Amino acid sequence: MATYRIAVLPGDGIGQEVIPEAIRVLEAVGKGTGAAFEFERGLVGGAAIDATGAPLAPGTLELCRASHAILFGAVGGPKWDDVPHEQRPERGLLAIRKELDLYANLRPAKCFPMLVDASPLKRQVVEGTDLMVIRELTGGLYFGEPRGVERFADGGARAINTMAYTSREVERIARIGFEVARKRRRRLTSVDKVNVLVVSQLWREVVTRVGREYPDVTLDHMLVDNCAMALVHRPTQFDTIVTENTFGDILSDEAAILAGSMGMLPSASLGGAVGLFEPVHGTAPDIAGKGIANPIAAILSAAMLLRYSLNMTKDADRVDQAVLRVLEGGHRTADIAAAGARPRGTREMGDLIVREVERQY
Ligand code: IPM
Ligand code: MG
């Protein structure tokens, strides 16, 4: 049977609490299938700063490169708010994305039927939502040059970030968009700001051109401000969304509200030789260390790891199923619990899901 090496980078805050539950789920899959998982830990983010002085510890990139997939928690927190910009915990994650060429970030947002009332939005708005945000992850404002701050003698200053895309960068993310849409409901919405940005003009031109190769997928274009509104107004109109880095960062947080809680949203970052799988929620400093974080986003990220990096589709389905069953059983962590209900802790929720995964074999 196959042996898979998984780089485990829990990072900071609740990353440290939810990743162990995702590991236990993968171990249950290993037991069920006979596949062997070898988990090796690496330091990133604030944890790496504390231990080594840099947001990406020496050896972490090599560990990632030598693995079949990366299971990532979250990085950042108030403790490191005052470190110089280029040394912030977030730089560790950004460096991994860039170095491993993880240009395609898949963020599915689905409203689980039993959680419609967990969303602050009205039932009739969110019910039936099932969309995928595909965010370009290695270009745009996050990495464009020039960037930096100029300080003037009079005390003033000027800061620059650059939004830049090459046609090649747009083309490859557009292709991912069409391929993913093809496996879903065959509708792709490309989001840009073509009325203001020249970058968006190139974006739209290239996406339209690539679209001619996918006549079976219906392509439309939407301005990002309009999309931000439509996501909370009529989210069911969306199937697959493809957009540039910064727009995708913002829109995917907004889409999280549709799923009831950030604690439900997994992600996959693909493109290079090794994929990275990460819950979307971040480090959640307000609840870190309390053992109450929702492990579902991390567990669903492990399911995406099985699906996209190890080609273990059936096992990914089993994990998804197990999560569904546990939710159907009425179990909830604090972020998705109804008022008055007793919420489950991180470990307890992990236990329930692990048991349900075991039952699937
Ligand atoms: C995300 C996060 C990151 C980003 C941060 C932690 C650098 O917000 O993955 O959405 O901005 O890309
Ligand atoms: Mg974000």
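Residues numbered from 1 in each chain as written. Chains lettered and ligands numbered in written order. Predicted model: local features only at pLDDT ≥ 70, side-chain atom pairs only at ≥ 80, totals over all residues. Heavy atoms only, no water.

Turning our eyes to something else, we now look at the domain arrangement of the protein chain. What the domain assignment reports for the protein chain is domain 1 (1–111 + 260–361) and domain 2 (120–134 + 142–259). Spacing between the C-alpha centres of domain 1 and domain 2 amounts to 24 Å. On the side of domain 2, 21 residues touch domain 1, which itself brings 21 residues to the contact. The junction of domain 1 with domain 2 conceals about 2,000 Å² of combined surface from both sides, 59% of it contributed by carbon and sulfur atoms. In this structure, the connection of domain 1 to domain 2 is made through one salt bridge. The salt bridge involving arginine 172 is made with aspartate 101; its shortest N-O contact spans 3.2 Å. Elements with a contribution of two residues or more to the side of domain 1 that touches domain 2: helix 4 (89–99) and strand 4 (104–110). Considering each element in turn, the side of domain 1 that touches domain 2 owes the most residues, seven residues, to strand 4. Among the residues making up the side of domain 1 that touches domain 2, the classes are represented as 12 nonpolar, three polar and six charged. (Domains from an automatic or database assignment. Contact = heavy atoms within 4.5 Å. Buried area = accessible area lost by both parts, 1.4 Å probe. Salt bridge = Lys/Arg side-chain N within 4 Å of Asp/Glu carboxyl O. Helix = DSSP H or I, 4+ residues; strand = E, 2+ residues; numbered from the N terminus. Nonpolar A, V, L, I, M, F, W, Y, C, P; charged D, E, K, R; others polar.)

Around ligand 1, the neighbouring residues are Glu90, Arg97, Arg107, Arg135, Tyr142 and Asp249. A distance of 2.9 Å is found between an oxygen atom of ligand 1 and a side-chain nitrogen or oxygen belonging to aspartate 249. About the coverage of ligand 1: the protein hides 78% of its 320 Å² of free accessible area. Residues belonging to the shell around ligand 1 are distributed by class as follows: one nonpolar, no polar and five charged. (Near = heavy atom within 4 Å. Polar contact = N/O pair within 3.5 Å; in protein donor to acceptor, adjacent residues only side chain to side chain. Areas by Shrake-Rupley, 256 points an atom, 1.4 Å probe, with all protein chains shown as cover.)

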